[in-house]
Amino acid sequence: MTNLQIQQPKSYTSKDWQQGYKSQPQEYNYWIDDIEGEIPEDLNGTFFRNGPGLLDINGQLIAHPFDGDGMVCAISFKNRRAHFQNRFVRTEGYVAEKAAGKILYRGVFGTQKTGGWLANLFDFKLKNIANTGIIYWGDKLLALWEGGQPHRLNPQNLETIGLNDLDGLLQPGQAFSAHPRIDKGKDGKGDVLVNFSVKPGLSSTITIFEFNSQGKLLKRYSNSIPGFAFLHDMVITPNYCIFFQNPVAFNPFPLLLGLRTPGQCLEFLPNNSTQVILIPRDGSKAIKILKTKPCFVFHHANAWEKDGEIYVDSICYESVSQTDLGDNFLEVDFDSMTEGKLWRFKINLSENNVEHKLLESRCCEFPTLNPNNVGKAYRYLFIGAADKPSGNAPLQAILKIDLHTGKRQTFSVAPRGFAGEPLFVPFPNGVNEDDGWLLMLMYDAAEHRSDIVILDARDLNKKPVARLHLKHHIPYGLHGSFTPNYFQE
């Protein structure tokens, strides 16, 4: 880090950022009346969003937000009006801990039961927290958490129906990723949902599922890869599912002895290559595993095929610190951590090599694009970003990148606003790739409340189309989705 970056004034205060991680134990159901601007007439449907809603159990702070109980929000749009509701997913663990008033389960990313190592010794039962993704597919609303089965919810009122095995496809406890991809196909018809399950170990098994729009299974195929695999996301092309196997080692002994949780047992290996795994979608066993520069990837942006080569755009970290953030994750030092940057990888299957280049050096995460371009060549990428062009910091802006011209546009909510994942919703009769709205749930520290922001994706330099002020805050979340179906009790 240069002296210039160290001396650069920050666009935020730690106190403001920390306020956004306060628990929100209340569940709400109301029409949103405090609105700046106007909700577009053609914006109709439901914006679902998932994330940790409880960052403590009866005052006992959890060690990492990724261990927080899942809380789903639904913002329903119709006739220029918007309705808000939120509800916790009634997982087995949520119900049990609410009744007990204390932490009963070990988390993945640092949370331990009280009583030290002895209380956690040989306890491998992890709480399915259903806090990462949310999707409406095949007439089912599913809250996703990659460590276990999804929970089905009632889309009208977000009540929990229970664990769902996808009509018998999933075994008890089998994982189902929180990062499905939707393949629109060549003609934009006959949408296919592609998702995966990982069973890690000395060798890891990846199972891929493909469903039609009615939720019926079209394909299921499994492949084994060498080594322990930490796979949070994937990308697809018409012919491949593509994973990046991060260069990490897993030491199970601190977990067994009750000293650390699974995420804390991961170690980044900077001298090992990242493995690019290409799995043919025709279900054949002819997978390819190629090496590239060591990096850590949580999220990919997109992938496509062109002239016999495959391109993948991903958010990459050149290194990661051990997941252990100490007793208080709110004291994280952004300046000491490596920021995520946008890289492009070019995969040559005939020569079995992978090239890479930097596309965006600004700290960024949570990429999105027009869903009609998933798995295809594309021009516009929208991504959460830091307010400043250099250095690591919380996300306070949305960055639009024109990958053809290199032009950038930025919408910032700094200094007291903090951005969430943007979500692209195409105009009903859109023609151009950026004809659409960007939806974002953000935190406003000045008012200690959250806003739903609607942006015109064609021009982020314009003021928001609408800014809907909630009556309260929603803790920083993870992933969301949009359906043209309108749900509201």
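Everything numeric here is computed off the predicted structure, so don't read it as measured data. (Residues numbered from 1 in each chain as written. Predicted model: local features only at pLDDT ≥ 70, side-chain atom pairs only at ≥ 80, totals over all residues. Heavy atoms only, no water.)

### So, the overall build of the protein chain
Convention followed: Working definition: helices are DSSP H or I runs of at least four residues, strands are E runs of at least two. Numbering for both runs from the N terminus. Computation of the radius of gyration draws on C-alpha atoms, with the globule rule given as 2.2 Å multiplied by the number of residues to the power 0.38. Relative accessibility under 20% of the residue-type maximum defines a buried residue, over 50% an exposed one, and the middle range a partly exposed one, all with a 1.4 Å probe and only protein chains included. In this description, accessible areas are obtained by the Shrake-Rupley approach with a 1.4 Å probe, and a residue is regarded as covered only by the protein chains that are shown.
Looking only at helices and strands, the protein chain has 5 helices and 35 strands in total. Computed over its C-alpha atoms, the radius of gyration of the protein chain comes to 21 Å, within 12% of the 23 Å expected for a compact globule of 489 residues. Counting only C-alpha atoms and orienting by the principal axes, one finds that the protein chain spans roughly 60 × 55 × 55 Å. For the protein chain, the proportion of its 489 residues judged to be buried stands at 56%. Put simply, the protein chain shows about 20,700 Å² of open surface, and 49% of that area lies on carbon and sulfur atoms.

### A few points about unusual backbone geometry
The omega angle of the peptide bond from Ala414 to Pro415 is 10°, so this bond is cis rather than trans. Of note, Pro415 is situated in the loop between strand S29 (408-412) and strand S30 (417-418). Positioned with a positive phi, Asn79 is a non-glycine residue whose angle comes to about 55°. Mapped onto the secondary structure, Asn79 falls in the loop between strand S6 (69-78) and strand S7 (81-88). A positive phi is found at Arg80, a non-glycine position, where the angle reads about 65°. With respect to the helices, strands and loops of the structure, Arg80 is situated in the loop between S6 and S7. According to the relative accessible area criterion, Arg80 is partly exposed, its value standing at 40%.

### Some remarks on the pattern of salt bridges
As a reminder, the rule being used: For this analysis, a salt bridge means a side-chain nitrogen from Lys or Arg found within 4 Å of a carboxyl oxygen belonging to Asp or Glu.
Inspection of the entire model under this criterion finds 26 salt bridges. Of the charged contacts in the structure, one is a salt bridge between Arg90 and Glu27, with a shortest N-O distance of 2.5 Å. Here Arg90 is found in the loop between S7 and helix H3 (92-100), whereas its partner Glu27 is found in the loop between helix H2 (14-19) and strand S1 (29-31), with 63 residues between them in sequence. Judged by its relative accessible area of 33%, Arg90 falls in the partly exposed class. By sharing partners, the salt bridges in this structure join Asp34, Arg449, Asp451 and Arg467 into a single network.

### Describing the pairing of strand S25 (residues 353-360)
Keep this limit in mind: By this definition, two strands are paired if DSSP reports at least two bridges between them.
In terms of strand pairing, strand S24 (residues 341-348) meets S25 through 7 bridges, oriented antiparallel. If you follow Lys346 over to S25, its bridge partner there is Glu355. Between S24 and S25, which pair antiparallel one after the other, the connecting turn spans 4 residues, and Asn352 there sits at a positive phi close to 55°.

### As for the side chain of Asp435
Selection rule: Asp and Glu count as negative and Lys and Arg as positive, but His and the ends of the chain are not part of the count. Under this definition, polar contacts are N or O atom pairs within 3.5 Å; protein pairs additionally need one hydrogen-donor-capable and one acceptor-capable atom, and for neighbouring residues in sequence, both atoms have to be side-chain atoms. Here, residues are in contact when the closest pair of their heavy atoms is within 4.5 Å.
Summarising the element assignment, Asp435 is placed in the loop between strand S31 (423-426) and strand S32 (436-444). No salt bridge is formed by the buried Asp435. Its closest oppositely charged neighbour is Arg458, at 4.5 Å. Among the polar contacts made by the side chain of Asp435, one reaches the main-chain amide nitrogen of Asn432 at a distance of 2.8 Å. Excluding anything up to four places from it in sequence, Asp435 contacts Phe424, Pro426, Phe427, Gly430 and Arg458.

### A look at the UniProt feature "binding site: Fe cation" (unreviewed entry) in the protein chain
Condition: UniProt positions are given in the numbering used here, feature names are shortened, and annotations may be inferred rather than shown by experiment.
Here the UniProt-annotated "binding site: Fe cation" (unreviewed entry) positions come out as His179, His232, His299 and His479. Over a stretch of 301 residues, the named residues converge on one spot in the fold, their C-alpha atoms separated by at most 12.5 Å. The topology assignment puts His232 in the loop between strand S15 (217-226) and strand S16 (235-236). For His232, the side chain forms a polar contact with the side chain of Glu146, separated by 2.6 Å. The residue His299 is located in strand S22 (residues 296-306) in this model. Judged by relative accessible area, His299 falls into the buried class, the value being 8%. A distance of 3.2 Å separates the side chain of His299 from the side chain of His232, its partner in a polar contact.

### Topic: a nonpolar patch on the surface
The criterion, for reference: Each patch is assembled from residues with relative accessible area greater than 30% and no salt bridge, linking like charges that lie within 9 Å and nonpolar side chains (Val, Leu, Ile, Met, Phe, Trp, Tyr) that lie within 5 Å.
On the surface, Trp117, Leu118, Phe122, Phe124, Leu257 and Leu259 cluster together to form a nonpolar patch covering roughly 680 Å² of accessible area. Tracing the chain through its elements places Trp117 in helix H4 (residues 116-120). Residue Trp117 is classed as partly exposed on the basis of its relative accessible area of 49%.

### Section: the packing of aromatic side chains
How we decide: Pairing of aromatic rings covers Phe, Tyr and Trp, the last counted by its six-membered ring, and requires centre-to-centre distances within 6.5 Å; plane angles under 30 degrees mean stacked, over 60 mean edge-to-face, and any other angle means tilted. For a Lys NZ or an Arg CZ to count as sitting over a ring, it must be within 6 Å of the ring centre and within 35 degrees of the ring normal.
In total, this model carries 28 aromatic pairs according to the counting rule given. Where Tyr12 meets Phe334, the ring centres are 6.0 Å apart and the plane angle is 80°; that geometry is what we call edge-to-face. In this pair, Tyr12 is assigned in the loop between helix H1 (3-7) and H2 and Phe334 in the loop between strand S23 (309-317) and S24, connecting sequence segments 322 residues apart. Both residues of the pair, Tyr12 and Phe334, belong to the buried class. Taken together, a centroid distance of 5.1 Å and an interplanar angle of 80° make the contact between Trp17 and Phe334 edge-to-face. Within this pair, whereas Trp17 is found in helix H2, its partner Phe334 is found in the loop between S23 and S24, the two being separated by 317 residues in sequence. Side by side, Trp17 and Phe334 carry an identical accessibility label, which is buried. Through a chain of ring-to-ring contacts, the aromatic side chains of Tyr12, Trp17, Tyr21, Phe334, Phe418, Tyr443 and Tyr476 assemble into a single cluster. Lys78 extends its terminal NZ or CZ atom over the ring of Tyr486, reaching a point 5.1 Å from the ring centre.

### Description of H3
Counted only if it meets this: Each C-beta atom gives one direction from the helix axis, and the arc is the one those directions make.
The set of residues buried in H3 consists of Gly93, Tyr94 and Glu97. Each buried residue of H3 sits inside an arc of 100° when the element is viewed along its axis, so together they form one side. Relative to its buried face, H3 has exposed residues pointing more than 90 degrees away, namely Glu92 and Ala99. Where H3 is buried, its residues contact strand S3 (45-54), strand S4 (56-57), S6 and S7. Two residues or fewer after H3 comes Gly101, characterised by a positive phi angle close to 70°.

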